[in-house]
Amino acid sequence: MTLPSHVKIVEMGARDGLQNEALINTENKVNFINQLSATGLTHIEAGSFVSPKWVPQMADSKQVMEKVIRRPNVIYSALTPNLQGLEQAIEAGADQIAIFTSCSESFSQKNINCTLMESLERFIPVVERASSLDIPVRGYLSCVIDCPYDGATPPEQVAEIATLLLDVGCIEVSLGDTIGTGTPIRVQQMLSAVQQVIPTQQIAVHFHDTWGQALANIYQALKMGINVIDSSVAGLGGCPYAKGASGNVATEDVLYLCRELGIETGVDLDKVAQAGWDICKVLNKEPNSKVSMAMRG
Ligand code: HMG
Ligand code: MG
């Protein structure tokens, strides 16, 4: 068994995290992202340009992205569901954008108010416009294991939609276990179906930790050669359209796992943990990370 020598962390705390936490002010978000920028992280998802009626927590993403002190070695990305969102992301100076859809019809309807195929059609002009400005596009795929409304997702369906996202022009597909029900065997089956049609270097994993399986699932993904992992400082967040879903796997937990496996991340665990404690103070909650709690003692 060979594990990757290096893992890239895509930090979700400021987007997937804060989109499902209590509203906090712009300055606190800016401070949070600035603090994360100094940890060695190279990709921070800084916000999303979606309808403020749907996700009020992200309504100030433009101001946040404009105020953040940019580091040249860090990618600051944002979610854009349509052209309207993309134009705002461009104005805000997003380095990379992300489009998002689901493997299941019902989740697509609940999350972005259209069918899966409609969403892919909607993304074509978004990717064209982003590409014309040399802005790379990441693709997210939700419900790769189970959908809260439609049940289990067949691995072949994940492979099919992931291919369509690459066909549209995404540079990478992030496979989301949105409700965190996955376990290593199911993750293995899903990933091997996707790996049959997509190069491993274009696959990222995005595991929510609702059932406490995210680290086991990440270990499974690492064993299969995947080396891009989405995670959220202090395990912040959840998903507003997946009832009961908890946040992404905590960045602190992933960093500790990687360190102990001898995998390089380039990220300073102590600094990330500090950022987690500081944002949790603002949110008036405890970090949802075993490693963070153990470090605090
Ligand atoms: P819609 O209602 O179908 O869109 O929403 P519409 O085009 O008919 O527009 C309706 C209203 O929204 C209009 O305003 C538009 O201007 C406005 P009104 O005339 O009523 O005042 N609008 C916008 N405003 C700001 N920015 C925009 C925008 N677009 C339209 N970009 C839409 C469609 C996609 C906009 C809506 O469904 C939406 O915003 N959904 C939110 C989706 C979301 O943010 N979900 C959470 C993130 S995804 C996620 O967390 C999963 C992930 O982490 C992976 C995983 O874990 O699985 C990525
Ligand atoms: Mg998510």
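Keep in mind the model is a prediction, meaning the values are calculated, not measured.

Q: Teacher, can you tell me more about the overall build of the chain here?
A: Within the chain one finds 12 helices and 10 strands. For 297 residues, the compact-globule formula gives about 19 Å, and the C-alpha radius of gyration of the chain, at 17 Å, lands near that figure. If one aligns the C-alpha atoms of the chain with their principal axes, the spans along those axes are about 45 × 45 × 35 Å. Per-residue burial for the chain yields a buried fraction of 56% across its 297 residues. For the chain, long-range pairs separated by at least 24 residues make up 74% of all intrachain contacts whose partners lie at least 6 apart in sequence. Treating the 21 positive side-chain charges of the chain as one cloud and the 32 negative ones as another, the clouds have centres 6 Å apart.

Q: Please explain the coordination of the magnesium ion (ligand 2) as it appears in this structure.
A: Coordination angles at a metal have ideal targets, namely 109.5 degrees for four tetrahedral donors and 90 or 180 degrees for six octahedral donors. Ligation of the magnesium ion (ligand 2) by protein atoms is provided by Asp16 (OD), His206 (NE2) and His208 (NE2), these donors lying 2.0 to 2.3 Å from the ion. Read in sequence order, the donor residues for the magnesium ion (ligand 2) give the motif D-x189-H-x1-H. Taking the relative accessible area as the measure of exposure, His206 reaches 5% and is therefore buried.

Q: I would appreciate a short explanation of the site of ligand 1 in the present structure.
A: What surrounds ligand 1 is a group of 26 residues, the closest being Ser51, Asn111, Asn113, Ser142 and Thr178. Val50 is positioned such that a nitrogen or oxygen atom in its backbone is 3.2 Å from a nitrogen atom of ligand 1. His206 is positioned such that a nitrogen or oxygen atom in its side chain is 3.0 Å from an oxygen atom of ligand 1. When ligand 1 is considered free in solution it has 1100 Å² of accessible area, and contact with the protein chains removes 76% of it. When residues of the shell around ligand 1 are traced back to their parent elements, those giving at least two are helix 1 (13-17), helix 4 (83-91), helix 5 (105-112) and strand 5 (137-142). Among the elements that line the shell around ligand 1, the one with the most residues is helix 4, at 3 residues.

Q: Would you mind showing me how to read helix 5 here?
A: Given 3.6 residues to a turn, an α-helix orients residues that are three or four positions apart in the same direction. Those residues of helix 5 that fall on the buried side of the exposure criterion are Phe107, Ser108, Asn111 and Ile112. An end-on view of helix 5 places all buried positions within 100° of arc, on one side of the element. For helix 5, the secondary structure elements touched by its buried residues are strand 4 (96-102), helix 6 (116-132), strand 5 and strand 6 (146-147). The positive-phi residue at the C-terminal boundary of helix 5 is Asn113, with phi of around 60°.

Q: Explain the pattern of salt bridges here, please?
A: Side-chain pairing between opposite charges can occur once the charged atoms of the two side chains come close. This structure, assessed with the given rule, holds 13 salt bridges. The closest approach of N and O atoms between Arg15 and Asp16, which form a salt bridge, is 3.6 Å. Between Asp230 and Arg138 there is a salt bridge; the shortest N-O distance is 2.8 Å. Here Arg138 lies in strand 5 and Asp230 lies in strand 10 (residues 228-231), a separation of 92 residues in the sequence. Each member of the pair, Asp230 as well as Arg138, is classed as buried. If you follow the salt bridges from partner to partner, you end up with Arg15, Asp16 and Glu45 in one network.

Q: Got a minute to help me understand unusual backbone geometry in this structure?
A: Glycine aside, negative phi is the norm for most residues, and most peptide bonds take the trans geometry. With a phi angle near 60°, Cys143 is a residue other than glycine that sits in the positive phi range. Mapped onto the elements of the fold, Cys143 is located in the loop between strand 5 and strand 6. Among the residues examined, Cys143 registers a relative accessible area of 0% and is labelled buried. In this structure, Asn284 is a non-glycine residue whose phi angle is positive, near 60°.

Q: Whenever I open this one, the packing of aromatic side chains confuses me. Can you help?
A: Two numbers describe a pair of aromatic rings. These are the distance of the centres and the angle of the planes. On inspection of all chains with the given rule, the structure shows 0 aromatic pairs. The side chain of Arg15 reaches across the aromatic face of Tyr140, ending 5.5 Å from its centre.

Q: Would you explain helix 2 (residues 26-37) in this entry?
A: With 12 residues, helix 2 should cover 16 Å at 1.5 Å per step; its first-to-last C-alpha distance of 16 Å lies within 8% of that length. If you check which residues of helix 2 are buried, you get Thr26, Lys29, Val30, Phe32, Ile33, Asn34, Leu36 and Ser37. Regarding helix 2, its N-cap is Asn25, as a side-chain oxygen of that residue lies 3.2 Å from the backbone nitrogen of Glu27 further along.

Cut-offs and rules
The written sequence of each chain sets the order in which its residues are numbered from 1. Key to labels: chains lettered from A, ligands numbered from 1, both in the order written. Whole-chain, interface and lining totals are the exception, using all residues; otherwise, since this is a predicted model, local features are given only for residues with pLDDT of at least 70 and side-chain atom pairs are given and counted only at 80 or more. Side-chain figures throughout are based on the complete set of non-hydrogen atoms in the structure, without hydrogens or water. Helix and strand assignments come from DSSP, with helices taken as H or I runs of at least 4 residues and strands as E runs of at least 2, each series counted from the N terminus. Two things to know: the radius of gyration comes from C-alpha atoms, and the globule rule equals 2.2 Å times the number of residues to the power 0.38. Summary of the burial criterion: residues with accessible area below 20% of their type's maximum are buried, those above 50% are exposed, and those between are partly exposed, where the area comes from a 1.4 Å probe applied to protein chains only. When checking whether two residues touch, look at their non-hydrogen atoms; a contact exists if any pair is within 4.5 Å. The positive count covers Lys and Arg only, the negative count covers Asp and Glu only, and His and the chain ends enter neither. A charge is said to be at NZ when it belongs to Lys, at CZ for Arg, at CG for Asp and at CD for Glu. Any nitrogen, oxygen or sulfur atom within 2.8 Å of a metal ion counts as a donor, with the limit raised to 3.2 Å for Na, K and Ca, and since water is left out, coordination shells can look unfinished. Any residue with at least one heavy atom within 4 Å of a molecule or strand is counted as near it. Residues adjacent in sequence count toward polar contacts only when both atoms are side-chain atoms; beyond that, a polar contact is any pair of N or O atoms within 3.5 Å, and within protein one must be able to donate a hydrogen and the other to accept it. Computed with a 1.4 Å probe, the accessible areas rest on the Shrake-Rupley method; for each residue, only the protein chains presented here act as cover. Throughout, the arc means the angular range of directions from the helix axis out to the C-beta atoms. We define a salt bridge as a contact between a side-chain nitrogen of Lys or Arg and a carboxyl oxygen of Asp or Glu at a distance within 4 Å. Stacked, tilted and edge-to-face are the three classes applied to pairs of Phe, Tyr and Trp rings, where Trp contributes its six-membered ring and a pair requires centres within 6.5 Å; stacked means planes under 30 degrees apart, edge-to-face means over 60, and tilted covers the rest. We call a charge positioned over a ring when the NZ of a Lys or the CZ of an Arg lies within 6 Å of the ring centre and within 35 degrees of the ring normal. Given a helix with a known number of residues, its expected span is that number minus one, times 1.5 Å.

So, to be careful, I would describe these as geometric facts and stop short of saying anything about function.
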